[in-house]
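A closer look at the structure
These are the residues of each chain, in order.
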Amino acid sequence: MHKVLFIARVGLLWYSQGVPNCQDSIAYSYCQNCFLYQPLQWLQGTLLRNGPGLFKVGDTEYNHWFDGMALIHSFTFKDGDVYYRSKFLRSDTFKKNTQANKIVVSEFGTMIYPDPCKNIFSKAFSYLLAAIPDFTDNNLINIIRYGEDYYASSEVNYMNQIDPMTLDVIGKMNYRNHIALNMATSHPHYDDEGNTYNMGTALMRFGMPNYVIFKVPVNASDKEHKKPALRKVKQVCNIPFRSTLFPSYFHSFGMTENYIIFVEQPFKLDIVRLATAIFRSANWASCLRYDKEDLTLIHLVDKKTGKAVSTKFYTDALVVFHHINAYEDDGHVVFDMVTYKDSNLYEMFYLANLRKETHEFIESNKVNFSPPVCQRFVLPLTVDKVYDTPNGTNLVRLKDTTAKTVMQGDGSLYCLPDTIFEGLELPGINYKFNGKKYRYFYGSRVEWTPHPNKIGKGDIVTRKYIEWTEEDCYPSEPVFVATPGAVEEDDGVILSSVVSLNPKKSPFMLVLNAKTFEEIARASIDASIHMDLHGHFIPTQSTN
């Protein structure tokens, strides 16, 4: 039996209550509950977190942090109690690796080569025939929703549907059975009605290669007949690659009430290298290339018609993983995202790099370190009416930003961003303001370590910043949950699971006042918790 200690602070008073918990199995780490003090009893729901949790199987080890086998964490807030449990995702990859007691399925930074005792010629023929390799289903990036179904997802064609309460795998899902995709993002958008929008990439085996925008209706699930929500997927738009053999890598996209924003960056996937990786003894990560001499194209797609705006918007070469938010304002589309000057971020997460002492890590990475920069871009929507505009004219009329969009001689528009803040990643917002004009965003502070030791809140209007930090503590991506009936954008709490390198300090669930970033409460957990990537908060009414 294990015990969890919950500590809540009200003014200068501290309350604590130890409650026994149970270990359900080797797969379930712990199921714990703890007391929540009265003002937080409105907090009802489950926070699911996903990320890599196992990096060694038998005598074999992964090379990259993004390779580790998925471990899902669950924090359930119910009637003043908090329950914690975790479970390794029971993917086919997990089953194959554990059964063999070694890593037998290739991942992003770890390539597994054919057993020389097996028929290598048969395997080689299969790879050549497919052109694009069959990817792992080790879905370690995020938890996403289609209809009423919840999935552990990564960026490939496979997902694993899970029960959000028990964390059991319900079934493996293949996008290809419903829509022609080889890859899809783990950062979809949900509109006010609950419909899900996402983007993917259709490579050569599906005909002409395209980026694909698609929608899954909110009522798509059929739990009674066990039919997946994806069976009702609708394609919104296709966007052709600008280079057939070098599609842009993308991790997320932007969405407003009426538009989808897709940034086609010069961080590209080399299709030929991908198809031949196993023969060149190369991993899939090596198939990504950043072309700093190229441009970044910005595509604007009408959600209702599925047609792309004909104007060519572009900016300088950059790398982006996360969009923050986007909205429409007085004839403009405004979108904010976290950008980098290069693609070196992935290199920092090789495990050999992460195992270095702090001073050694800083010394070896500071030359190539490109800090994340939160930038605002503005796209005028009335360009078709201003063909007579002189070359060099800034078409942005908004007064609350320094972002510019400049008319070029060929009719294209060159976008110059407004820098909002430097050093925040893994951005989150009050999701009620997704696609709408907003003021605040929350994120992890990224400095000289790939493991953020601070979380912060940025005010876009005042450009001020506040943060939470504690010695030896590493908080996860902050998640905003609004107070019931809240009117103000930052009326709510921030949830973050925190791990510590100090063996005398237990990991804990942190609850902050979203307005002030002052600590309201924490729930200490007598269990091992890993750093994770992304997650999803499910209000109680959605889990029934």
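Residues numbered from 1 in each chain as written. Predicted model: local features only at pLDDT ≥ 70, side-chain atom pairs only at ≥ 80, totals over all residues. Heavy atoms only, no water.

Comments concerning the overall build of the chain
Spelled out, the test is: The secondary structure listing takes helices from DSSP runs of H or I that are at least 4 residues long and strands from runs of E that are at least 2 residues long, numbered from the N terminus. We call a residue buried when its accessible area falls under 20% of the maximum for its residue type, exposed when it is over 50%, and partly exposed in between, using a 1.4 Å probe and counting protein chains only. Note on definitions: a residue-residue contact is assigned when non-hydrogen atoms from the two residues lie within 4.5 Å. In this description, accessible areas are obtained by the Shrake-Rupley approach with a 1.4 Å probe, and a residue is regarded as covered only by the protein chains that are shown.
Assigned secondary structure in the chain consists of 7 helices and 38 strands. Sorting the 544 residues of the chain into buried and exposed places 59% on the buried side. Across the chain, the fraction of contacts at a sequence separation of at least 24, relative to all contacts at a separation of at least 6, is 60%. Entry remark: accessible area of the chain is about 23,600 Å², with carbon and sulfur atoms responsible for 52%.

With respect to the pairing of strand 18 (residues 259-264)
In plain terms, the rule: Note on pairing: two strands pair once DSSP finds at least 2 bridges between them.
In terms of residue burial, strand 18 counts as a mostly covered element, since 6 of its 6 residues are buried. Here strand 18 shows a buried face lined by Y259, I261 and V263 and a second buried face lined by I260, F262 and E264. The pairing of strand 17 (residues 254-255) with strand 18 spans 2 bridges and is antiparallel. Looking at strand 18, one finds that M255 is bridged to I260.

Overview of the environment of G392
Following the sequence through the fold, G392 ends up in the loop between strand 25 (373-380) and strand 26 (404-407). The residues touching G392, leaving out its near neighbours within four places in the chain, are V406 and M407.

Things to note about the nonpolar core
Looking at soluble globular proteins, one finds that nonpolar side chains tend to be buried together. Rules: In this description, a nonpolar core means a group of buried Ala, Val, Leu, Ile, Met, Phe, Trp, Tyr and Cys residues linked to one another through side-chain atoms lying within 4.5 Å.
Within the largest apolar cluster, 98 residues are counted, with the highest numbers of intra-cluster contacts made by W65, F441 and L495. Contact partners of W65, with chain neighbours within four places excluded, come to P52, F55, L140, F349, L351, L354, M531, D532 and L533. One finds V263, M337, L379 and V383 within the second-largest nonpolar core, a separate group that totals 19 residues.

Let's talk about the sheet that holds strand 6 (residues 69-78)
The pairing of strands in a sheet comes from backbone hydrogen bonds and takes either a parallel or an antiparallel form. Rules: Convention adopted: a line fitted to C-alpha atoms gives each axis, helices being fitted over their contacting stretch, and angles between N-to-C directions are expressed from 0 to 180 degrees.
Read from one edge to the other, the open sheet built from 4 strands follows the order 7-6-3-38, with strand pairing classed as antiparallel. Since the sheet does not close on itself, it has two edges, and those belong to strand 7 (81-88) and strand 38 (534-539), each with one partner. In this sheet, adjacent strand axes meet at a mean angle of 20° when their direction is disregarded. Note: strand 6 against strand 7, 8 bridges, orientation antiparallel. Looking across to strand 7, one finds that S74 is bridged to R85.

With respect to the UniProt feature "binding site: Fe cation" (unreviewed entry) in the chain
To keep it simple, the criterion reads: UniProt positions are given in the numbering used here, feature names are shortened, and annotations may be inferred rather than shown by experiment. Nitrogen and oxygen atoms within 3.5 Å of one another constitute a polar contact, given that in protein one can donate a hydrogen and the other can accept it, and given that sequence-neighbouring residues count only through two side-chain atoms.
If you check UniProt for "binding site: Fe cation" (unreviewed entry), the listed places come out as H187, H251, H322 and H534 in our numbering. These annotated residues cover 348 residues of sequence, and their C-alpha atoms lie no more than 12.4 Å from one another, placing them together at a single site. Apart from the residues lying within four places of it in its own chain, the contact partners of H251 are I141, E155, T185, S186, H187, F321, H322 and H534. A polar atom in the side chain of H251 sits 2.4 Å from the side chain of E155. Note that H322 resides in strand 23 (residues 319-329). We classify H322 as buried; its relative accessible area is 8%. Excluding its chain neighbours within four sequence positions, the residues that come into contact with H322 are H187, H251, S252, M337, V338, E425, L426, P427 and H534.

Focus: the side chain of N139
Position of N139 among the secondary structure elements: in the loop between helix 2 (120-130) and strand 8 (142-146). What makes N139 buried here is its relative accessible area of 0%. Engagement of the side chain of N139 in a polar contact is seen with the side chain of S154, the distance being 3.0 Å.

Observations regarding the packing of aromatic side chains
Put simply, the test is: Ring geometry is summarised as follows: Phe, Tyr and Trp rings, the Trp one being its six-membered ring, pair when their centres sit within 6.5 Å, and such pairs are stacked at plane angles under 30 degrees, edge-to-face over 60 and tilted between the two. Placement of a positive charge over a ring is assigned whenever Lys NZ or Arg CZ falls within 6 Å of the ring centre and within 35 degrees of the normal to the ring plane.
Scanning all chains against the criterion turns up 31 aromatic pairs. With a centroid separation of 5.8 Å and 25° between ring planes, the pair formed by F88 and F94 is classed as stacked. Taken as a pair, F88 and F94 share a single burial class, namely buried. Among the aromatic residues, those joined into a cluster by ring pairs are W65, F66, F108, Y249, F267, F321, Y340, Y346 and F349. Positioned over the ring face of Y158 is K172, at 4.1 Å from the centre of the ring.

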